[in-house]
Amino acid sequence: MLKSPLLRLSTLALMISATQAHAYELYANDDSHLNATLEAVFGAFHSQENYALSGRLSEGSSSWQEGYIKYGLSFDKGLAGFGTAYGAGNMLSSGTWGDGDAAGFSDGSERTTKFEDAYLGWRSGKLFKAMGDDGIDLSFGRQNIVVGDGFLIDGDALNMGKGLADGEFNRGGAYYLAARKAFDETAVLRLGGKQGWRSDLMWLKSDNRAQAKTEMYVGTLEHVAEEGTVGLTYIDTTDIDEQYASPLQLERDGMKTYSLRATGNAGVKNLFLSGEYAKQDKPHTSSEDAWYLEAGWTFSDAIWTPYVGYRYSRFSENYDTLFYGFSRGYGTWFQGEVAGNYAGPFNSNSRIQNVTLKVSPLENLNVGAMYFNYDTLSRNLGNTDGHEVDLYAEWHVNEHLTVMPLIGLYQPDKSAEQGGTQLGNNDKNLYSQVVFATTF
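The structure presented is a predicted model; accordingly, all values stated were derived computationally and were not measured.

A. Molecular detail of the pattern of salt bridges. Across all of its chains, the model carries 22 salt bridges by this definition. Between Asp207 and Arg142 there is a salt bridge, and its shortest N-O distance comes to 3.3 Å. Of this pair, Asp207 sits in the loop between strand 10 (196-205) and strand 11 (215-225) while Arg142 sits in strand 6 (residues 136-142), and the two are 65 residues apart along the sequence. A residue is classified by how much of its surface remains accessible, and Asp207, at 33% relative accessible area, is partly exposed. The partner of Lys282 in a salt bridge is Glu251, with the nearest N and O atoms 3.1 Å apart. Here Glu251 lies in the loop between helix 1 (247-250) and strand 13 (256-264) and Lys282 lies in the loop between strand 14 (271-281) and strand 15 (287-298), a separation of 31 residues in the sequence. When its relative accessible area of 7% is taken as the criterion, Lys282 is described as buried. Salt bridges sharing common partners tie together Glu116, Arg142, Arg171, Asp184 and Asp207.

B. Molecular detail of the side chain of Asn341. In this structure, Asn341 sits in helix 2 (residues 339-343). Within polar-contact distance, the side chain of Asn341 engages the backbone oxygen of Glu337 at 3.0 Å.

C. Region of interest: the packing of aromatic side chains. Summed over all chains, the structure comprises 21 aromatic pairs. Between Tyr51 and Tyr410, the aromatic rings sit 6.1 Å apart at their centres with planes inclined by 65 degrees, giving edge-to-face as the arrangement. Here Tyr51, found in the loop between strand 2 (32-47) and strand 3 (62-78), pairs with Tyr410, found in strand 20 (residues 401-412); they are 359 residues apart in sequence, far enough to count as distant. Tyr51 sits in the buried class, given a relative accessible area of 0%. Judged by its relative accessible area of 2%, Tyr410 falls in the buried class. Relative to Tyr312, the ring of Trp291 has its centre 5.4 Å away and its plane inclined at 40 degrees; by these criteria the two rings are tilted.

D. Region of the structure containing the pairing of strand 15. In this structure, strand 14 lies alongside strand 15, joined through 11 bridges in antiparallel fashion. Bridge assignment links Tyr277 to a residue of strand 15, and that residue is Trp291. The hairpin formed by strand 14 and strand 15 contains 5 residues between the paired strands. As judged from the 9 bridges shared by strand 15 and strand 16 (residues 307-315), these two strands associate in the antiparallel manner. Bridge pairing in strand 16 places Ala295 opposite Tyr310.

E. Spotlight on the nonpolar core. With 62 residues, the main nonpolar core has Phe151, Ile153 and Tyr342 as its most contacted residues. With residues up to four places along the chain from it excluded, the contact list for Ile153 reads Ile145, Val146, Val147, Phe183, Leu204, Met216, Val218, Ile235 and Phe323.

F. Quick peek at unusual backbone geometry. Here the amide bond leading from Thr332 into Trp333 is cis, since omega sits at -5 degrees, within 30 degrees of zero. Tracing the backbone through its elements, the reader meets Trp333 in the loop between strand 16 and helix 2. Residue Pro345 follows Gly344 across a cis peptide bond; omega there is 10 degrees. Looking at the element boundaries, Pro345 is found in the loop between helix 2 and strand 17 (350-362). With a phi angle near 50 degrees, Ala165 is a residue other than glycine that sits in the positive phi range. Here Ala165 lies in the loop between strand 8 (153-154) and strand 9 (185-191). Judged by its relative accessible area of 43%, Ala165 is partly exposed. For Leu322, which is not glycine, the phi dihedral falls at a positive 55 degrees.

Rules behind the numbers
Residues numbered from 1 in each chain as written. Predicted model: local features only at pLDDT ≥ 70, side-chain atom pairs only at ≥ 80, totals over all residues. Heavy atoms only, no water. Salt bridge = Lys/Arg side-chain N within 4 Å of Asp/Glu carboxyl O. Helix = DSSP H or I, 4+ residues; strand = E, 2+ residues; numbered from the N terminus. Buried < 20%, exposed > 50% of the residue type's maximum accessible area, 1.4 Å probe, protein only. Polar contact = N/O pair within 3.5 Å; in protein donor to acceptor, adjacent residues only side chain to side chain. Phe/Tyr/Trp six-rings, centres within 6.5 Å; stacked < 30°, edge-to-face > 60°. Pairing = 2+ DSSP bridges. Core = buried A, V, L, I, M, F, W, Y, C linked by side-chain atoms within 4.5 Å. Contact = heavy atoms within 4.5 Å.

Keep in mind these numbers describe shape, not what the thing actually does.
So this is what it looks like as structure tokens:
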């Protein structure tokens, strides 16, 4: 039998046109700004096959729609030579319509409006010259947190719907789009600015029942240079809510995770290198680990500037994926649009190979193709062997609107009746989606 998806599944957080949403300036002077922010995303999805993870669906297809709108205010204010205060408050309204997603985690009836961001912070500016500009950054409240490239932590973005446990884990829709990403309670101290040696010390508390309301302490130490970044991460998960925890999540109480990561070009213009090794010490059971190595090359002098990359990743049988998310684009860390979101594997008990090709036919258009091969480590825990090909485009229509169509072809080795997850057969699944994102 496959382990419960709550052990290891997260949803895909959407890549919009930039890492920061646009803002409309309401007020500004020399050292103060007040901005209105708006982010709206809508997607339409169709899967020719359904998957057994929720236990709710039967053989057949699913068509559904998801959307959310995030709106609010952000500010920063200079403090007369004593740094800068900043903060934000945002509401988020989300929903899912139609059949719900192809794994059955949502049923199409989800609708919710809640606070998403509510935080305050202070940056030191030039107050401590030895630490560089903004060498101290202290913040508190409800906010999104990312560590490294999201291999371990990329927001609290698991957005289950009403399809599990009579809606106990429902966050209000937009499962695939991962509408809600903020940790409920945080205290974050960042030291050292953005270059050279720097460190983060964080306390994070989730209010997400699908994550068993995990509480954790996080520490990082990094060296950031033009050639690349090398970093260490330490995560001590100190508390969970046992009534919502899966068997694997019960092991989080007292679990310690250590990782070594690096990314950059090593001083070679067209080269991309990235890798991370994570080890987990669980207090009452086994030690687990996960790692990946990735290399890519940009043909900067060729027409359409093609990029080719390869990645190998391995996740041990009972590895806990924690809060991984969508950081560097499609394939990180949702490895395959069908497999990574509905069918599995979900970065546990598997070896995954990925080949990526990207081109830019126009300045505002990127087109990509990805191939994934999935190899299960222990088939006693289920069989997610298979492969997938995804073709996608990112069309930045203008500074406010991005359109992202995608077609995937997923081929599992086994059906659910044979130990896999695809219901009724192991036929090829033709999957399609189109996502519209706008920011102001």
